[in-house]
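Structure at a glance
The chain contents come next:
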Amino acid sequence: MGLSKNAEKKIHRKIKRCQFLIEREINLKFSDAPTECIIVCNAGLSTGLQQEMLLEEILQCGKANVEDILFPAGKSYCFLRFGSPQQSRTVYESMNGVATLGQDGCVLLLSYCVGFPENAIESVKDVCPPGLLLIPDFVDEKFEIELLESVDWGEMDNSLKHRRVKHFGYEFLYGTNNVDRTKPLHRKIPSICDQLWVKLKELHPELEWHVPEQMTVNRYEPGQGIPPHVDTHSAFHEPIVSLSLGSDIVMDFRNNEGRSLNVNLPRRSLLLMTGESRLGWTHAITPRKTDTIRSKNGLSIRKRELRISFTFRKLKDSPCRCQFHFLCDTYQQETKDRTDQIEENAAQLELENVHRVYNEIAKHFSETRHSPWPRIASFLESLRPGSVLLDIGCGNGKYLGLNTNVIGLGCDRSDGLLKVCTERGFNVVQCDCLALPFKSGCADACICIAVIHHLASLERRKQAIEEMCRVLRAGGRALIYVWAKNQEANAKKSSYLRQNKQNNKISRGVQLETVPTSVEHSMEGNTGLPIHTNRTQFQHQDVLVPWKLRDVERQEKETKVTFLRYYHVFEEPELSGLCREIVGISVEESYYDQGNWCVIFRKE
């Protein structure tokens, strides 16, 4: 190895540590004696190692045929298989602790192993995604020359960052992987290409083939490529057809499960992407100057040369109904439309049954909110002097003045409640809790008491918590209270239920003829939501809760106006689960307090 004794010992200790970590992850048996297989313990796809780089280094070691190579997705190790233990030993002794292909130039740490792990990904073999058809030697050399001469590269056309392209029929728009049907090009597909469709139909009459209306010609110099993509599902019929001219190339395919396949496209071959290979896999050409290929003697490196590809597409204008939703534009657009409609309905519901209601009842509501809750007060009193506190949905500001040693700032949507706050001398601003007008990382603490349960969709509730996280500094803490669906959690009635006179009479042994158990007794207008009977147990999560206000204009004590407030009442794990979904949040405590589910979280 050419290493000193101390260096060898140091390398050996590092390899042992790597082996320990790898053994915890996969079922792999290491060997002290040479075997046909080697594992590179500290370099793989996750460290940026490319198989071409590794093979080029191995070829410099002498006669050692690499028969197989495995690069597990997202891992910092990879595997090599040689023709014999002697070849493996040659590479091991030449590269272990010497080759600087590790991350940031670190030396590679190698170890012999017994075979490859059973769950390793496919090696570089002639394996194709389902539905992919490759026809070698589809055209001869003479016709190849004629096709290449049909494209005039002297004409002004698109020049992309990584290659030159020309479009025929329609311009292919790379931002959307689609075309603009209203802007056909004067330059049509050369008539010489018609011979391709005649031959293709003869070879594969079973294919549903349409004469293409669009052609893209790509010119790849060695080292150039194209990023992973899928041609828009709803825009083009199957198959997508690509003819490789001038040079061989390796095309990379990847599906949503992380499975990766490298397909060798020989010069003058025709590639047809149908079915799953067309709809469920992205395809790409990695920008590099060499490719790994398989030959009779194992794996080797092939230098790239100038390659011209002709890609043909038939336009389509109908929705896609495939099962590959993660790449399907139709499915994603319809999902977005449904989401947008849900959000629009949620915003309208909040406007009518939250914001307008609180403006109407602001004064009366404030008169009923005066005593701070002990556990909220305890949270506020735990803040260090000089801390910046944001009270999101501050209402009448009853918590803003509780700890005079902190800098308190409140915000709310209600004009009426903010007016109460200003009359009390509090610093408040008007805003929506979904878009706080504060700088990121400006607050040491946040409280959000009885606010998030007024948001009418899951995404809006999550967005409100994300906004709280955003305005907190690293290490800052937040306290959230929301109404609980179960008002008798921990075998204890909430104060909300205890205010029901019928319940109180029952608890004193007074029997009544009827006791309200079904709390949502009717539906309200276009909302379709049940109206809750106050001071009773909730039966549904999304309800309208009445607030009765005396009609002051009539000055009649018996006459009251009823306003309906929207609530989403929470199940036990719902709030803490929502917080845990958000990156950068650590839930410190989750508890039940007087009919509320409560969470304290810290921003990491």
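None of these values were measured; they are calculated from a predicted model.

**Let's talk about the overall build of the protein**
- The helix and strand tally for the protein stands at 13 helices and 30 strands.
- The C-alpha atoms of the protein give 34 Å as radius of gyration, which overshoots the globular expectation for 604 residues (25 Å, by more than 25%).
- Put simply, the protein has 604 residues, and 48% of those count as buried.
- Look at the contacts in the protein between residues 6 or more apart in sequence, and 69% of them connect residues 24 or more apart.
- With an accessible surface of roughly 30,600 Å², the protein has 48% of that area assigned to carbon and sulfur atoms.
- Computed over 78 positive and 78 negative side-chain charges, the separation of the two mean positions in the protein equals 6 Å.

**Quick notes on the packing of aromatic side chains**
- This structure, assessed with the given rule, holds 14 aromatic pairs.
- Here the aromatic rings of Trp197 and Phe312 are separated by 4.6 Å at their centres, their planes lie at 85°, and the arrangement is edge-to-face. Placement of the pair is Trp197 in helix α5 (residues 194–203) and Phe312 in strand β19 (residues 307–313), with a sequence separation of 115 residues.
- Given a relative accessible area of 0%, Phe312 falls into the buried group.
- Cluster of aromatic residues (ring-pair linked, three or more members): Tyr77, Phe79 and Phe116.

**Regarding empty space enclosed by the protein**
- Tallying each qualifying case throughout the model produces one cavity of 30 Å³ or more.
- In this structure, the largest cavity encloses a volume near 180 Å³.
- The wall of the largest cavity is formed by 19 residues, among which Asn218, Ile226, His229, His283 and Thr311 lie closest to the centre.
- At the level of secondary structure, the elements contributing two or more residues to the lining of the largest cavity comprise β10 (214–220), β11 (226–229), β12 (240–245), β16 (281–285) and β19.
- Here the element with the most residues in the lining of the largest cavity is β19; it accounts for four residues.
- Across the lining of the largest cavity, the residue classes tally to eight nonpolar, eight polar and three charged.

**Observations concerning a positive patch on the surface**
- Side chains of Lys5, Lys9, Lys10, Arg13, Lys14 and Arg17 sit close together on the surface and give a patch of like positive charge.
- Tracing the backbone through its elements, the reader meets Arg13 in helix α1 (residues 5–25).

**So, the pattern of salt bridges**
- Tallied over the entire structure, the rule returns 26 salt bridges.
- Put simply, Lys314 and Glu213 hold a salt bridge, and the shortest N to O gap is 3.5 Å. With a gap of 101 residues between them, Lys314 in the loop between β19 and α7 (329–367) and Glu213 in the loop between α5 and β10 connect regions that are remote in the sequence.
- For Arg313, the salt bridge goes to Asp231, with nearest N and O atoms at 3.1 Å. Of this pair, Arg313 sits in strand β19 while Asp231 sits in the loop between β11 and β12; the two residues are 82 residues apart in sequence, bridging distant segments of the chain. The pair formed by Arg313 and Asp231 is uniform in burial state, with each residue classed as buried.
- Look at the salt bridges and you will find they share partners, linking Glu52, Arg288, Asp291 and Arg304 into a network.

**Description of the nonpolar core**
- Of all hydrophobic cores here, the largest spans 36 residues; its most connected members are Ile392, Cys446, Ile465, Ile480, Cys579 and Phe601.
- At the level of secondary structure, the elements contributing two or more residues to this core comprise β20 (388–392), β23 (443–449), α10 (458–471), β24 (472–483), α13 (574–580), β29 (585–593) and β30 (596–603).
- Looking at this core element by element, the count peaks at five residues for α10.
- Those residues in contact with Cys446 that sit more than four places away from it in its chain are Phe379, Leu389, Leu390, Ile392, Met468, Val471, Leu472, Arg477, Ala478 and Leu479.
- Membership of the second largest hydrophobic core comes to 26 residues, among which are Leu349, Phe538, Leu564 and Val569.

**Quick look at the sheet that holds strand β15 (residues 270–273)**
- Pairing within the open sheet is antiparallel, and its six strands lie in the order β6-β15-β12-β19-β10-β7. Edge positions in the sheet fall to β6 (132–135) and β7 (164–168), since each of these pairs with one other strand and no more. When the angles between neighbouring strand axes are averaged without regard to direction, this sheet yields 15°.
- The sheet contacts of helix α4 (residues 141–149) involve β12 and β19, and relative to β12 the element is tilted by about 105°.

**Comments concerning the side chain of Ser309**
- You can see Ser309 is positioned in strand β19.
- Excluding residues that lie within four positions of it along the chain, Ser309 makes contacts with Thr216, Val217, Asn218, Tyr220, Ser242 and Leu243.

**Examining α4**
- All buried positions along α4 are accounted for by Phe143, Glu144 and Leu147. Projection of α4 onto a plane perpendicular to its axis shows the buried side chains occupying an angular sector of 105°, all on one side. Exposed residues lying more than 90 degrees from the buried face of α4 are Glu141, Lys142 and Glu149.
- Where the residues of α4 are buried, they touch α5, β12 and β19.

**With respect to unusual backbone geometry**
- In this structure, Pro239 follows Glu238 across a cis peptide bond, with omega equal to -5°.
- Relative to the assigned elements, Pro239 resides in the loop between β11 and β12.
- In this model, Arg268 sits at a positive phi of 70°, which is unusual for a non-glycine residue.
- Phi is positive for Gln594, close to 50°, though the residue is something other than glycine.

**Some thoughts on the confidence of the model for the protein**
- Of the residues in the protein, 90% have a pLDDT of 70 or more, and the chain-wide mean is 89.
- Under a pLDDT of 50 for its full length, residues 121–126 has, in the predicted model, 21 contacts with residues more than four places off or in other chains.
- Of the regions scoring below 50 in pLDDT, residues 503–519 engages in 22 contacts with residues more than four places distant in sequence or in other chains.

**Notes on the packing of α7 against helix α9 (residues 415–423)**
- Two elements in contact, α7 and α9, have axes whose closest approach is 7 Å; the angle formed by their N-to-C orientations is 40°. Two secondary-structure elements touch here, α7 through Tyr358, Asn359, Ala362, Phe365 and Ser366 and α9 through Asp415, Gly416, Leu417 and Val420.
- Its residues assigned to classes, the contact of α7 with α9 comprises five nonpolar, three polar and one charged.

Rules behind the numbers
Throughout, residues of each chain are indexed from 1 in the direction in which the sequence is written. Given that the model is predicted, a residue must reach a pLDDT of at least 70 before its local features are reported, and side-chain atom pairs must reach 80 or more before they are shown or counted; all residues, however, enter totals for whole chains, interfaces and linings. Heavy atoms from the whole structure form the basis of all side-chain values; hydrogens and water molecules are not counted. Here a helix means four or more residues in a row that DSSP labels H or I, a strand means two or more in a row labelled E, and each is numbered from the N terminus. Only C-alpha atoms enter the radius of gyration; for comparison, a globular chain is expected to reach 2.2 Å times N to the power 0.38, where N is the number of residues. Partly exposed residues are those whose accessible area sits between 20% and 50% of the maximum for their type, while under 20% is buried and over 50% is exposed, using a 1.4 Å probe and protein chains only. Pairs of residues are marked as contacts when any of their non-hydrogen atoms sit within 4.5 Å. Reported accessibility uses the Shrake-Rupley method at a 1.4 Å probe radius. Residues are deemed covered only where the shown protein chains occlude them. The convention is simple: Lys and Arg are positive, Asp and Glu are negative, and His and the chain ends are not counted. Working definition for charges: the position is that of NZ of Lys, CZ of Arg, CG of Asp or CD of Glu. Paired rings are identified among Phe, Tyr and Trp, the last through its six-membered ring, by centres lying within 6.5 Å, and are further divided according to the angle between planes into stacked (under 30 degrees), edge-to-face (over 60) and tilted (the rest). Put simply, the grid is 1 Å and covers the protein atoms alone, a cavity is a trapped set of points that fit a 1.4 Å probe, a pocket is an open set with protein on both sides within 12 Å along at least five of seven lines, and lining residues have an atom within 4 Å of a point. Grid points are joined across faces, edges and corners, and a volume is the space filled by probe spheres set on the points. Residue classes follow a fixed rule: Ala, Val, Leu, Ile, Met, Phe, Trp, Tyr, Cys and Pro count as nonpolar, while Asp, Glu, Lys and Arg count as charged, and any other residue, Gly among them, counts as polar. Surface patches are defined over residues having more than 30% relative accessible area and no salt bridge, joining like charges when they lie within 9 Å and nonpolar side chains (Val, Leu, Ile, Met, Phe, Trp, Tyr) when within 5 Å. Every case where a carboxyl oxygen of Asp or Glu lies within 4 Å of a side-chain nitrogen of Lys or Arg is listed as a salt bridge. For the purposes of this section, nonpolar cores are sets of buried Ala, Val, Leu, Ile, Met, Phe, Trp, Tyr and Cys residues that join through side-chain atoms within 4.5 Å. By definition, two strands form a pair when at least two bridges between them are found by DSSP. In this description, a line fitted to the C-alpha atoms serves as the axis of each element, helices being fitted only across the stretch in contact, and the angle between N-to-C directions of two axes falls anywhere from 0 to 180 degrees. An arc is given here, and it is the one of the directions from the helix axis to the C-beta atoms. Each residue carries a pLDDT value, the predictor's own confidence for that position, ranging from 0 to 100.

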